[in-house]
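Read off the chains here:
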Amino acid sequence: MSDLQSKLGGGLNILQDSLQQGKQKLQTAQEISQYKKVLNDLSEARANLMLKLGEDTYRKIRSGELQDQTLGEYFQEITEVDRKIFTSQKTLEQLNQTSKEGTCSNCGNSITPDDKFCGSCGQKQETYSELTNQVNMGTCPTCEEQIPADANFCACCGSRLVLQGV
């Protein structure tokens, strides 16, 4: 009987050791997971701070407060991307406007893009080109986009415009 008890006791010890090792492995895995989460959160916070730093630097370069050749090169690249974004948005707006030109803005009757007046209610129909021709246009010195002459900022790149005669 003592041989059986010693075998059972030895087996229980082995089982307890295995359980203890399993608990330690589980604890270690939980600690690793916690540290990975902390590292991920810190990395995300750093990325947000870098983004804010970049945006502030961009604003200072655009306003002329900061001048650096390398940063200026990045500014030029960003300006070109901003110009492409602006042009795409403008084209999208014009396409949306064109799709709306099929109906009268007053009564909803069908009209063609060439109609100056609605055939149903007589309402004058202004096209996008007529509206833009009524505004004096100028050119942004930074991105060369056409903008209203009396604008203080460029709608494309956001640069502050120098007012003439001020």
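As shown above, the structure is provided for reference.
Here is what the cut-offs are and how they apply
Residues numbered from 1 in each chain as written. Predicted model: local features only at pLDDT ≥ 70, side-chain atom pairs only at ≥ 80, totals over all residues. Heavy atoms only, no water. Phe/Tyr/Trp six-rings, centres within 6.5 Å; stacked < 30°, edge-to-face > 60°. Helix = DSSP H or I, 4+ residues; strand = E, 2+ residues; numbered from the N terminus. Buried < 20%, exposed > 50% of the residue type's maximum accessible area, 1.4 Å probe, protein only. Lys NZ or Arg CZ within 6 Å of the ring centre and 35° of its normal. Expected span 1.5 Å × (residues − 1). Contact = heavy atoms within 4.5 Å. Salt bridge = Lys/Arg side-chain N within 4 Å of Asp/Glu carboxyl O. Core = buried A, V, L, I, M, F, W, Y, C linked by side-chain atoms within 4.5 Å.

Asks: Report on the packing of aromatic side chains, specifying residues and quantitative values.
Replies: With the rule as written, the count across this model stands at one aromatic pair. Taken together, a centroid distance of 5.4 Å and an interplanar angle of 40° make the contact between Tyr-58 and Phe-75 tilted. Of the two residues, Tyr-58 is situated in helix H1 (residues 2-63) and Phe-75 in helix H2 (residues 69-100); the sequence distance between them amounts to 17 residues. Pair check on accessibility: Tyr-58 and Phe-75 agree, each one buried. When the ring centre of Phe-117 is taken as origin, the NZ or CZ atom of Lys-124, which lies over that ring, is 5.7 Å away.

Asks: Explain H1 to me, and be specific about the residues and the numbers.
Replies: Between its terminal C-alpha atoms H1 stretches 91 Å, which fits the 92 Å expected from 62 residues at 1.5 Å a residue. Turning to H1, its buried residues are Thr-57, Tyr-58 and Ile-61. In the segment just after H1, Gly-64 is the residue with positive phi, at about 90°.

Asks: Which residues make up the environment of Phe-75, and what are the values?
Replies: Assessed through its relative accessible area of 9%, Phe-75 is described here as buried. Remark: the alpha-carbon pair of Phe-75 and Thr-57, spanning 18 residues in sequence, is separated by 9.5 Å. The residues touching Phe-75, leaving out its near neighbours within four places in the chain, are Tyr-58, Ile-61, Arg-62 and Thr-142.

Asks: Account for the pattern of salt bridges, with residues named and values stated.
Replies: This model, assessed by the stated rule, comprises four salt bridges. Salt-bridge contacts for Lys-37 lead to Asp-41; the nearest nitrogen and oxygen are separated by 2.9 Å. Separated by four residues within a single helix, Lys-37 and Asp-41 lie in helix H1, roughly one turn from each other. Residue class for Asp-41 comes out partly exposed when judged on its relative accessible area of 38%. Between Asp-56 and Arg-59 there is a salt bridge; the shortest N-O distance is 2.7 Å. Remark: Arg-59 and Asp-56 occur in helix H1; sequence separation between them is three residues, near one turn of the helix. A residue is classified by how much of its surface remains accessible, and Asp-56, at 40% relative accessible area, is partly exposed. By relative accessible area, which is 42% here, Arg-59 ends up partly exposed. Counted as one network, the salt bridges with shared partners bring together Arg-83, Lys-90 and Glu-145.

Asks: I'd like a rundown of the nonpolar core, residues and numbers included.
Replies: Core analysis: the largest hydrophobic core is formed by nine residues, namely Phe-86, Cys-140, Cys-143, Ile-147, Ala-151, Cys-154, Cys-156, Cys-157 and Leu-161. Residues contacting Cys-154, with those up to four places away along its chain left out, are Cys-140, Cys-143, Ile-147, Ser-159 and Leu-161.

Asks: Account for the side chain of Thr-79, with residues named and values stated.
Replies: Locating Thr-79 in the fold gives a position in helix H2. If sequence neighbours within four positions are ignored, Thr-79 has contacts with Tyr-58, Thr-142, Cys-143 and Cys-157.

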